[in-house]
Amino acid sequence: MGLEKNVKAAQALILTLIVNTCCSVMAEAQSPNLIGRWNAEITFANEEHRALRFDAQGEGKGTFLLLDPKLKVWGPATSSEAKWTRSEGNSVTFSGPVEFLIGNVGRDAGTLTFKGKFETSDLITGEVEFSPLVGERPSKHGTFKAVRAGE
């Protein structure tokens, strides 16, 4: 009788270990979900700082909304279409057109491209590039940090 109990206890323990191992492997394989609202802080190489909100939607679609205090002078900010893709591991890319304000009268239109990685399910960090649409100016490069916004 005692041997049978020990065998059943050992079988239960082995089954529990197998289930726990499988579940933890599956949890690691799931990549973080990009869909939702993100607040991105950008620092370009010239120490220029910018901020925007990225709303990631399904099917690789989304919107950018610049968060610039100067926009109060010009009226409410308008959002622009953005797109995103997932890559291997926890890598993600999102991009779209933006118009940064220059001083009190100008606008710098171009494409903003973020290439980053999930550090946690609520934090993405990486590199950013702004490619101007007008003129022969070089692209601006920098870094970014995007934090998932509370709903």
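For the structure, see preceding data.
Residues numbered from 1 in each chain as written. Predicted model: local features only at pLDDT ≥ 70, side-chain atom pairs only at ≥ 80, totals over all residues. Heavy atoms only, no water.

**Examining the nonpolar core**
Part 1 of the argument: Formed by 24 residues in total, the largest nonpolar core has its most connected members in Leu34, Leu52, Phe54, Phe64, Leu112 and Phe114.
Part 2 of the argument: When neighbours within four sequence positions are excluded, Leu34 is seen to be in contact with Phe54, Ala56, Trp84, Arg86, Val92, Phe118, Ile124 and Arg148. (Core = buried A, V, L, I, M, F, W, Y, C linked by side-chain atoms within 4.5 Å. Buried < 20%, exposed > 50% of the residue type's maximum accessible area, 1.4 Å probe, protein only. Contact = heavy atoms within 4.5 Å.)

**Brief notes about the packing of aromatic side chains**
Part 1 of the argument: By the definition in use, this model includes 10 aromatic pairs.
Part 2 of the argument: Ring centres of Phe54 and Phe94 lie 4.3 Å apart, and the angle between their planes is 0°; this geometry places the pair in the stacked category. With Phe54 in strand S2 (residues 49-56) and Phe94 in strand S5 (residues 91-102), this pair connects stretches of sequence that are 40 residues apart. Per residue, the accessibility class of Phe54 equals that of Phe94, and both read buried.
Part 3 of the argument: Taking 4.6 Å as the distance between ring centres and 15° as the angle between the ring planes, the aromatic pair formed by Phe94 and Phe114 counts as stacked. Of the two residues, Phe94 is situated in strand S5 and Phe114 in strand S6 (residues 106-120); the sequence distance between them amounts to 20 residues. Residue Phe94 shares its accessibility class with Phe114, and that shared class is buried.
Part 4 of the argument: Three or more aromatic residues joined by ring pairs form one cluster here, namely Phe54, Phe64, Phe94, Phe114 and Phe144.
Part 5 of the argument: The residue whose ring lies beneath Lys140 is Phe44, and the NZ or CZ to ring-centre distance is 4.9 Å. (Phe/Tyr/Trp six-rings, centres within 6.5 Å; stacked < 30°, edge-to-face > 60°. Helix = DSSP H or I, 4+ residues; strand = E, 2+ residues; numbered from the N terminus. Lys NZ or Arg CZ within 6 Å of the ring centre and 35° of its normal.)

**Focus on the environment of Phe94**
Part 1 of the argument: Relative accessible area serves as the criterion here: at 1%, Phe94 is assigned to the buried category.
Part 2 of the argument: Along the chain, Phe94 and Val128 lie 34 residues apart, while their C-alpha atoms are 9.6 Å from each other.
Part 3 of the argument: Ignoring anything within four residues of it in the chain, the contact list for Phe94 reads Phe54, Phe64, Lys83, Trp84, Leu112, Thr113, Phe114 and Phe144.

**Some thoughts on the pairing of strand S8 (residues 140-148)**
Part 1 of the argument: The pairing of strand S1 (residues 36-44) with S8 spans 7 bridges and is antiparallel. Looking at the pairing, Phe44 lines up with Gly142 of S8.
Part 2 of the argument: Here strand S7 (residues 123-132) pairs with S8 via 8 bridges, running antiparallel. Along S8, the bridge assignment pairs Ile124 with Ala146. (Pairing = 2+ DSSP bridges.)

Spatial relationships are all this shows, so hold off on functional conclusions.
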